[in-house]
Amino acid sequence: MPEVMDREEIGEILEKHNGARGSLIATLEEIQARCGYLPEEALRAVVDGTGRSLVDVYGVATFYRSFSLQPRGRHLITVCLGTACHVRGGPMVVEEFERRLEIRAGETTPDREFTLQRVNCLGACALGPIVAVDGDYFSKVNTAKVKRILKKLRSRSGRPDGSALAAATS
Amino acid sequence: MKRLTSIGEFAAFQNRLSAARSPHIPTLVIPAGACGQASGANELIRAAKREIGHRQLEGRIRLRVTGCHGFCEMEPSVLVEPDRTFYPRVKPGAMARIVEATASGQVLGDLLFTDPATGVRVQKQDDVPFFRGQTRTLLSHMETTDPLRIESYVANGGYSAAIKVVERRDPRWVVNEVKASGLRGRGGAGFPTGLKWERLAQQRDGKGKFLVCNADEGDPGAYMDRSVLEGNPHSIIEGMIIGAYATGADTGIIYVRNEYPLAVKHLSIALAQARELGLVGRSILGTNFSFEIDLVKGAGAFVCGEETALIRSIEGKMGEPRQRPPFPIERGIDGKPTAINNVETWANIPLILRNGAEAFARTGTPGNSGTKIFSLVGKIRNTGLVEVTMGAAIQSIIHDIGGGPSGKARIKAVQTGGPSGGCIPAERFDLPIDYDSLAKAGSIMGSGGMIVMDENTCMVDIAKYFMSFLKDESCGKCFPCRKGTQRMHEILEDISKGQGTREQLELLEELAGAVKDTTMCGLGQTAPNPVLSTLHYFRREYLDHIERKRCPAGVCRDLISFSIGETCDGCHACVQVCPEGAIAGKKKQRHVIDPVKCVKCGACQSVCKSEAVFVA
């Protein structure tokens, strides 16, 4: 994933959303989808392009949970901590990831392989605790399964094949 | 798809599709909502396609991929029409046998659902206890509709309610029908939908009005909206078309949360198809009625479920709520009149107009008509989405449909209404589920999450969980919410660590009252509910933490310890998973946990097959 975007590219995104309702959020979402996070230069370019103040843009970028101002790792591990996952042991799953990756939730490993984050609810409550890795869902995760998920992710190169991963760890 | 330019053309289109349905052809229905996919539905679909193709059975056996049917615990599952044979937890490898059996009209006894209470195998889905107790007016459409094909929705009578409304040319009548149905907002507050529409219809400054579908399902533990969005997106669109005709709104917005990628995808496809067919946009079906619908994606903020915050978010700003009045019905998006309804509310609208307000009003109880979908999750055997008539007893949902506790521990309480709701103890399970009864019991109906808790769930921990959630999600605009939730969380943390005092308990109650009375929006006003309801019904547990320094449920880390009992067979599984190397013992001999090294993560308990790890 490219970590920087040139102004031209951002200009294109701005033009695409120009005038559309709620365009700032959609613009930031698209930048994040391309870079994996919101680089400072990109935010400044959005300010220049939209005429909104930097405070305003920074405010929106930090208000919403899905935006990140920090670069993210190659794999995004999202642990659901909705109520249903919580009562079934979600917090222990987060801690196990934290222990094994040696980072806190919200952080990225120094080798930029993994970012660990918590989410309030992924809406697959019947199968909790739920973990999503790069968009693929794992159900009924416990501490033992965390080890298997990480082992699989580490042993693989290139783009993850979620279904193979799910099969291997279910 | 050709654009339809008159109501007559639509009727002909619908008749053609309905006639081509041929319901006698055996059809394998595979639910593949987000949870179905997480359970492996996609592999099942691939296997079904392969096996049907391999045997050249195309035309003799059909395959329909749908949204979630509700019984998530048993997914991936297959429903065979027209017999309605139900195969739970199907492995891809079993698909060949299912295809063959279906082709020859046979039923595979060994793959059927076994009723855990009787041990008897059940063939038909409707006889499975989980389904038997439900009234599935909304969820049944999940089985018949392919969400990615508008033809599927139309063939089953879809959009005919909207056409009926447009043909009748009487917006007032539509509002009256919705009023007569008694439909109340399914987002949780229970405001009468018809009344809201009437007020919007009365706004006449000629500068445009908005209708919003609030699909920002933020309550953790509730996911019925996601399943409707994924499984029957056209029902939302049709509901909004009807609403637009009734109220004179010219623009609709579906605000959907970012955490639901599949719902976003299905909605976008459905909207594009409805537009292409001429059901959404300018001059709908050649009439002078126009209505545009946009999709706006949220970016992850719980407070955006609050209507004034939702409006700001739609406008592309920080989702901070504002003081009401003026209410959105007068000044909403861009200052224009705006009515906001929840996903499930919208999904009910076409059914009300199609079957008549009276039929809808007859279901449920007076003042609480219709059905409601609940997500039955947590420590319950049959987890999933259940749809029941309003006024059903909690007991019947938990025990008859839900099948009782998931483990050996007794069910202690059920939490309804998400972070704005409360816990209802098992002694009160005779309560009927409706807006008013739940409010009287100190909880709320909310959007329909029902999280079942057993004796291994600590109520102090639950209150702390919700307060932690709310302090993180408080937008920070008003002081009592921002600081009140933080202070309440600190006190709960102290109590859970065994450092709480009786004075703190009093302070907690006082704070809860202050936050309830003085915060600006619904988030803050309801934030104390989880604390107040657990204090009311489970005060004993709080006192155990404070006075005896014990957590009876064995959850609060600082007050518990792990040990290994006599049933240990020395299998070594716990030794291998223990992250701290705190467990010692020879193979085939009882192991021992070193309490100094133990971090109480519970990994050993989760892998122990002989149930030898104890928490005390």
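Each value, and the rule that gives it
- Residues numbered from 1 in each chain as written.
- Chains lettered and ligands numbered in written order.
- Predicted model: local features only at pLDDT ≥ 70, side-chain atom pairs only at ≥ 80, totals over all residues.
- Heavy atoms only, no water.
- Helix = DSSP H or I, 4+ residues; strand = E, 2+ residues; numbered from the N terminus.
- Buried < 20%, exposed > 50% of the residue type's maximum accessible area, 1.4 Å probe, protein only.
- Contact = heavy atoms within 4.5 Å.
- Rg over C-alpha atoms; globule rule 2.2 N^0.38 Å.
- Areas by Shrake-Rupley, 256 points an atom, 1.4 Å probe, with all protein chains shown as cover.
- Lys, Arg positive; Asp, Glu negative; His and termini not counted.
- Charge placed at Lys NZ, Arg CZ, Asp CG, Glu CD.
- Polar contact = N/O pair within 3.5 Å; in protein donor to acceptor, adjacent residues only side chain to side chain.
- Domains from an automatic or database assignment.
- Buried area = accessible area lost by both parts, 1.4 Å probe.
- Salt bridge = Lys/Arg side-chain N within 4 Å of Asp/Glu carboxyl O.
- Disulfide = S-S within 2.5 Å.
- Pairing = 2+ DSSP bridges.
- Axes fitted to C-alpha atoms, helices over the stretch in contact; angles between N-to-C directions.
- Parallel < 35°, antiparallel > 145°, perpendicular 65-115°, else oblique.
- Left-handed = near helix turned anticlockwise from the far one by under 90°.
- Nonpolar A, V, L, I, M, F, W, Y, C, P; charged D, E, K, R; others polar.
- Phe/Tyr/Trp six-rings, centres within 6.5 Å; stacked < 30°, edge-to-face > 60°.
- Lys NZ or Arg CZ within 6 Å of the ring centre and 35° of its normal.
- Core = buried A, V, L, I, M, F, W, Y, C linked by side-chain atoms within 4.5 Å.

A.B. asks: Describe the overall build of chain A, and please don't skip the residues or the numbers.
C.D. replies: On a plain count of helices and strands, chain A comes out with eight helices and four strands. Tracing chain A from N to C terminus, the helices and strands come up as α-α-α-α-β-α-α-β-β-β-α-α. Each of the 170 residues in chain A was classed as buried or not, and the buried ones make up 54%. Relative to all contacts within chain A whose residues are 6 or more apart in sequence, the contacts with residues 24 or more apart total 61%.

A.B. asks: For the overall build of chain B, give the residues involved together with the corresponding values.
C.D. replies: Helix and strand counts for chain B come out as 26 helices and 21 strands. Taken over C-alpha atoms, the radius of gyration comes to 26 Å for chain B, in line with the 25 Å a tight globule of 616 residues would show. Principal-axis analysis of the C-alpha atoms places the extent of chain B at approximately 80 × 65 × 40 Å. Split into buried and exposed, the 616 residues of chain B put 59% on the buried side. Considering only residue pairs separated by 6 or more positions, chain B has 69% of its internal contacts joining residues 24 or more positions apart. Approximately 23,400 Å² of chain B is accessible, and the part contributed by carbon and sulfur atoms is 50%. Placing the 76 positive and 68 negative side-chain charges of chain B at their respective mean positions leaves the two points 2 Å apart.

A.B. asks: Residue-level account of the side chain of N342(B), with values.
C.D. replies: Residue and element names in this part refer to chain B. With respect to the element layout, N342 can be found in strand β10 (residues 338-342). From its side chain, N342 meets the backbone nitrogen of E344 in a polar contact 2.8 Å long. For N342, the contacting residues outside a window of four places in its chain are R186, G187, N214 and D225.

A.B. asks: Break down the environment of V388(B) for me, with residues and values.
C.D. replies: Residue and element names in this part refer to chain B. Note on placement: V388 falls in strand β14 (residues 384-389). Sequence separation of V388 and H234 is 154 residues, and the distance between their C-alpha atoms is 22 Å. Sequence-distant contacts of V388, that is, excluding residues within four places in its chain, are made with G133, T135, T371, K372, F374, I397 and I401.

A.B. asks: Summarise the environment of N288(B); cite the residues concerned and give the values.
C.D. replies: Residues and elements named next belong to chain B. Relative to the helices and strands, N288 resides in the loop between α13 (261-277) and β9 (292-297). Residue classification places N288 among the exposed positions, given a relative accessible area of 78%. Linking N288 and V166, residues 122 residues apart in sequence, is a C-alpha distance of 9.9 Å.

A.B. asks: Lay out the domain arrangement of chain A in plain terms, naming residues and giving numbers.
C.D. replies: Taken as a whole, chain A is organised into domain 1 (7-63) and domain 2 (75-169). Computed over C-alpha atoms, the centres of domain 1 of chain A and domain 2 of chain A are 29 Å apart.

A.B. asks: Describe the interface of chain A and chain B, and please don't skip the residues or the numbers.
C.D. replies: At the junction of the two partners, chain A supplies 42 residues and chain B supplies 69 residues. When chain A packs against chain B, the two sides together hide about 4,100 Å² of surface, and 55% of this comes from carbon and sulfur. The three residues of chain A that bury the most area against chain B are R21(A), F63(A) and T83(A), which together make up 18% of that side's buried surface. On inspection of chain A and its partner chain B, the count reaches four salt bridges.

A.B. asks: Report on the state of the cysteines, specifying residues and quantitative values.
C.D. replies: Residues and elements named next belong to chain B. Under the counting rule described, the total for this entry stands at zero disulfides over all chains. Note on C72: no disulfide assigned, nearest cysteine sulfur contributed by C35 at a separation of 3.8 Å. Taking relative accessible area as the criterion, C72 reaches 0% and is therefore assigned buried. Here C578 stays unpaired: no disulfide links it, and the sulfur of C601, its closest cysteine neighbor, is 6.2 Å away. Residue class for C578 comes out buried when judged on its relative accessible area of 18%.

A.B. asks: Outline the sheet that holds strand β3 (residues 78-81) of chain B, listing residues and values.
C.D. replies: All names here are of chain B. The sheet built from four strands is open, its strands ordered β2-β1-β3-β4 with mixed pairing. Here the strands that pair on one side only, and so sit at the sheet edges, are β2 (62-66) and β4 (85-87). Looking at each pair of strands side by side, their axes are set apart by 20° on average, direction ignored. Bridge count between strand β1 (residues 27-31) and β3: three bridges; the pairing is antiparallel. From the neighbouring strand, V29 faces β3, where its bridge partner is L79. Relative to β1, helix α3 (residues 41-54) is tilted by about 160°, and along the sheet it contacts β1, β2 and β3. Strands in contact with helix α4 (residues 95-103) are β1, β3 and β4; relative to β1, the strand with the most contacts, it is inclined by about 145°.

A.B. asks: If you had to explain the environment of F327(B) to someone new, which residues and values would you point to?
C.D. replies: All names here are of chain B. Tracing the chain through its elements places F327 in the loop between α14 (307-314) and β10. According to the relative accessible area criterion, F327 is partly exposed, its value standing at 38%. It is 36 Å that separates the C-alpha atoms of F327 and V154, two residues lying 173 residues apart in sequence.

A.B. asks: Could you give me a rundown of the packing of helix α12 (residues 233-247) of chain B against α13(B), with the residues and numbers involved?
C.D. replies: All names here are of chain B. The geometry of α12 relative to α13 is characterised by a closest axis approach of 9 Å and an angle of 55° between their N-to-C directions. Taken as axis vectors, α12 and α13 run oblique relative to one another. Between α12 and α13 the crossing geometry is right-handed. Contacts between α12 and α13 pair P233, H234 and I237 from the former with H266, L267, A270, L271, Q273 and A274 from the latter. Among the residues forming the contact of α12 with α13, the class breakdown is six nonpolar, three polar and no charged.

A.B. asks: Account for the packing of aromatic side chains, naming residues and giving values.
C.D. replies: Residues and elements named next belong to chain B. Applying the stated rule across the entire model yields 14 aromatic pairs over all chains. When the ring of F86 is compared with that of F113, the centres are 6.4 Å apart and the planes differ by 50°; the resulting orientation is tilted. Placement of F86 in strand β4 and of F113 in strand β5 (residues 113-114) is noted, with a sequence separation of 27 residues between them. There is no split in this pair, since F86 and F113 are both buried. Aromatic rings pair up to connect F71, F86, F113, F130 and F131 into one cluster. Here R257 stacks its cationic end above the ring of Y260, 4.9 Å away from the centre of that ring. The positively charged end of K412 is found above the aromatic ring belonging to F538, 6.0 Å away from the centroid.

A.B. asks: Provide a residue-level description of unusual backbone geometry, including the pertinent values.
C.D. replies: G128(A) connects to P129(A) through a cis peptide bond whose omega is -10°. Here P129(A) is to be found in the loop between β2 (114-119) and β3 (131-133). Phi is positive for Y159(B), close to 70°, though the residue is something other than glycine. Structurally, Y159(B) can be placed in the loop between α7 (150-155) and α8 (160-168). The class for Y159(B) is buried, based on a relative accessible area of 0%.

A.B. asks: Describe in detail the sheet that holds strand β4 (residues 136-138) of chain A, supporting the description with residues and values.
C.D. replies: Residues and elements named next belong to chain A. Judged by pairing direction, the sheet is mixed, and its four strands sit side by side in the order β2-β1-β3-β4 without closing on themselves. If you trace the sheet from one side to the other, it starts and ends with β2 and β4, each paired once. Across the sheet, the mean angle from the axis of one strand to that of its neighbour is 25°, orientation sign disregarded.

A.B. asks: A description of the nonpolar core should follow, citing residues and the corresponding values.
C.D. replies: With 100 residues, the main nonpolar core has Y159(B), I236(B) and L353(B) as its most contacted residues. The leading source of residues in this core is α12(B), at eight residues. For I236(B), the residues in contact, after removing those within four places along its chain, are C213(B), V228(B), L229(B), I254(B), V343(B), W346(B) and A347(B). Counting 85 residues, the second-largest nonpolar core is a separate cluster that includes A42(A), V47(A), C604(B) and V607(B).

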